[in-house]
Amino acid sequence: AAVGCFLSGGIDSSSVVGMLREVTGERPRTFSIGFEAEGYDEMSYARLVARHFDAEHHEYYVTPADVVEAIPDIARACGQPFGNASAIPAFHCAALARRQGVDRMLAGDGGDELFGGNERYAAQWVFGLFASLPTSVQGALRGWAEADPPPLGRLPVARKAVSYVRHASIPLPDRLDVFNYLNRLGAAALLDPGFAAQVNPARALEDRRRIYQSADAATDVDRMLALDYKITLADNDLPKVTVMCEQAGVDVRFPFLAPDLVDFAGALPAGEKVRRARLRWFFKQAMKGFLPDPVLAKSKHGFGLPFGIWVTRDAALRERVHELLGGAGRRGILSQNLLRDVRSRLLAEQPRYYGPLVWTIIMLESWLDANT
């Protein structure tokens, strides 16, 4: 098979590129996606890695027009509503490779879940410091944070302290979902009352608790990794990449999920994966001198899509999104007030926050339109 590599410029995809070079002794073929949107494009890192490993490098810049065209195709391709907008860049990256004669892609998915690479692992270590305080001190701090208003609550440092104490007081895994739309907005604000009465909005959190608590692990880090194996990797990233590659006409393999590597990572102590707030400590130490230093030092990004920002700037995409939101309003699933507010002001005011929610809504509507 003619083999190529997804290359985002992050640690995982860069490692796959480098290892392919080591194994074959030939120039790897790399494929990257860019976006004309500040804070989203990481093509400079991908180019750095491509030069570092002397790769045959190819690029494609996704546009808002690509998003408009892809919405119905993604809805038809997925066996259920799929709310991850990075499916679009994954498809275009695989399609670019196919046009260059590649029929098998190597992807870096799995590295974060094996070696502790997601930012939330570091954040939870910081929150976990609260649990190391004496019980009496924790109680006093909770009492201070729960006062209405908290003493000195108007000072910026006090507001941050209140937020820290309140978040640190929430047990895992519930703490991981504090900013989930259902938890942040509430079922009453998110769902139509008739639909809300037919479902259990707490079911998703109950499932996450079950997975987290049943993990064969002794530390919070390893329990979070076990949760991400199931939720982030198995239920999200792997189906996304696999289905999008199928749509593009290429096969895909995930080198990080080779059984021997999974067994090795599983045997690593949690402190070798996340050392205090330092992510992927062991893996980064192992890759020093192999990967470029800027790649080892950069924060995690990936093929994130600037969907919310593009909706506010591109007339054709905005028109299509509003059409789909209108269709969603006739389903009796989502709150009419929410849909109205999203269209009138929320998305424009906070495109980065509400963009993923709007994407999820329009993909639900597109999937239902294609399958019912």
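Residues numbered from 1 in each chain as written. Predicted model: local features only at pLDDT ≥ 70, side-chain atom pairs only at ≥ 80, totals over all residues. Heavy atoms only, no water.

Q: Provide a residue-level description of unusual backbone geometry, including the pertinent values.
A: With an omega dihedral of 5°, the bond running from Leu172 to Pro173 counts as a cis peptide bond. Examined against the element boundaries, Pro173 turns out to sit in the loop between α8 (156-168) and α9 (181-185). Not every positive phi belongs to a glycine, and Arg276 is a case in point at roughly 55°. Residue position: Arg276 is located in the loop between β6 (274-275) and β7 (278-279). At Arg280, a residue that is not glycine, the phi angle is positive and equals roughly 50°. Looking at the element boundaries, Arg280 is found in the loop between β7 and α16 (281-287). (Helix = DSSP H or I, 4+ residues; strand = E, 2+ residues; numbered from the N terminus.)

Q: Outline the sheet that holds strand β1 (residues 3-6), supporting the account with residue identities and numerical values.
A: Strand pairing in a sheet relies on backbone hydrogen bonds. The paired strands run either parallel or antiparallel. Reading across from one edge, β3-β2-β1-β4-β5 is the order of the five strands in this open sheet, with parallel pairing throughout. At either end of the open sheet lies a strand with only one pairing partner, and these are β3 (56-62) and β5 (251-253). When the angles between neighbouring strand axes are averaged without regard to direction, this sheet yields 30°. Here helix α1 (residues 11-24) sits on the sheet and contacts β1, β2 (29-35) and β4 (104-106); the angle it forms with β1, its principal contact strand, is near 155°. (Pairing = 2+ DSSP bridges. Axes fitted to C-alpha atoms, helices over the stretch in contact; angles between N-to-C directions. Contact = heavy atoms within 4.5 Å.)

Q: Tell me about the packing of helix α6 (residues 119-128) against helix α13 (residues 220-248), residues and numbers included.
A: Interhelical geometry of α6 versus α13 gives an angle of 145° and a closest axis separation of 11 Å. Crossing geometry of α6 relative to α13 is assigned as right-handed. Contact residues: Arg120, Tyr121 and Gln124 in α6; Met224, Leu225, Asp228 and Thr232 in α13. Along the lines of polarity and charge, the residues of the contact of α6 with α13 split into three nonpolar, two polar and two charged. (Left-handed = near helix turned anticlockwise from the far one by under 90°. Nonpolar A, V, L, I, M, F, W, Y, C, P; charged D, E, K, R; others polar.)

Q: So what about the environment of Ala161? Which residues, and what values?
A: Here Ala161 lies in helix α8. Put simply, Ala161 and Gly308 are 147 residues apart on the chain and 30 Å apart in space, counted from C-alpha to C-alpha.

Q: Report on the nonpolar core, specifying residues and quantitative values.
A: If you look at the biggest cluster of nonpolar residues, it comprises 65 residues, and the most contacted ones within it are Phe6, Val67, Ile74, Leu305, Phe307, Trp359 and Ile362. Only β2, α3 (64-77), α4 (87-99), α13, α18 (307-313), α19 (315-329), α20 (336-349) and α21 (351-371) provide two or more residues apiece to this core. Among the elements that make up this core, the one with the highest residue count is α21 (nine residues). When sequence neighbours within four positions are dropped, the list of residues in contact with Ile74 reads Ala87, Ile88, Met244, Trp359 and Met363. Counting residues in hydrophobic clusters, the runner-up holds 24 residues, among them Met43, Ala55, Met287 and Leu296. (Core = buried A, V, L, I, M, F, W, Y, C linked by side-chain atoms within 4.5 Å. Buried < 20%, exposed > 50% of the residue type's maximum accessible area, 1.4 Å probe, protein only.)

Q: A description of the pairing of β1 should follow, citing residues and the corresponding values.
A: Sheet topology places β1 next to β4; three bridges connect them, and they run parallel. When the bridges of β4 are listed, Gly4 appears paired with Met105. Traced from β1 through α1 to β2, the parallel crossover comes out right-handed. (Right-handed = clockwise from strand over helix to strand, strands pointing away.)

Q: Can you explain the pairing of β3? Please cite residues and give values.
A: Pairing geometry for β2 and β3, over seven bridges, is parallel. Looking at β3, one finds that Ser32 is bridged to Glu59. Traced from β2 through helix α2 (residues 43-52) to β3, the parallel crossover comes out right-handed.

Q: Lay out the side chain of Ser15 with the relevant residues and their values.
A: When you line up the elements, Ser15 lands in helix α1. In this structure the side chain of Ser15 is engaged in a polar contact, spanning 2.7 Å, whose partner is the backbone oxygen of Ile11. (Polar contact = N/O pair within 3.5 Å; in protein donor to acceptor, adjacent residues only side chain to side chain.)

Q: How would you sum up α13? Please name residues and give values.
A: Along α13, the helix axis deviates most sharply at Leu233, where the bend reaches about 45°. At the C-terminal side of α13, Gly249 shows a positive phi close to 90°. (Bend = angle between axes of the 7 residues up to and from the residue.)

Q: Can you lay out the packing of aromatic side chains for me, pointing to particular residues and giving the numbers?
A: This structure, assessed with the given rule, holds 10 aromatic pairs. Summarising the aromatic geometry, the rings of Tyr353 and Tyr354 are spaced 4.9 Å apart at their centres and angled 90° between planes, so their arrangement reads as edge-to-face. By relative accessible area, which is 22% here, Tyr353 ends up partly exposed. With a relative accessible area of 8%, Tyr354 lands in the buried category. By the ring-pair criterion, three or more aromatic residues cluster together here, those being Phe115, Phe256 and Phe283. Its guanidinium or amino end placed over the ring of Trp281, Arg275 lies 3.6 Å from that ring's centre, counting from NZ or CZ. (Phe/Tyr/Trp six-rings, centres within 6.5 Å; stacked < 30°, edge-to-face > 60°. Lys NZ or Arg CZ within 6 Å of the ring centre and 35° of its normal.)

Q: Talk me through the pattern of salt bridges; I want residue IDs and the actual numbers.
A: Per the counting criterion, the structure on display carries 24 salt bridges. Residue Glu56 pairs with Arg29 through a salt bridge whose shortest N-O separation is 3.5 Å. In this pair, Glu56 sits in strand β3 while Arg29 sits in strand β2, placing the two residues 27 residues apart along the sequence. A relative accessible area of 30% means that Glu56 is categorised as partly exposed. One salt bridge in this structure joins Glu42 and Lys298, with 3.1 Å as the shortest N-O distance. Residue Glu42 is located in the loop between β2 and α2, and its partner Lys298 is located in the loop between α17 (293-297) and α18; the two are separated by 256 residues in the primary sequence. (Salt bridge = Lys/Arg side-chain N within 4 Å of Asp/Glu carboxyl O.)

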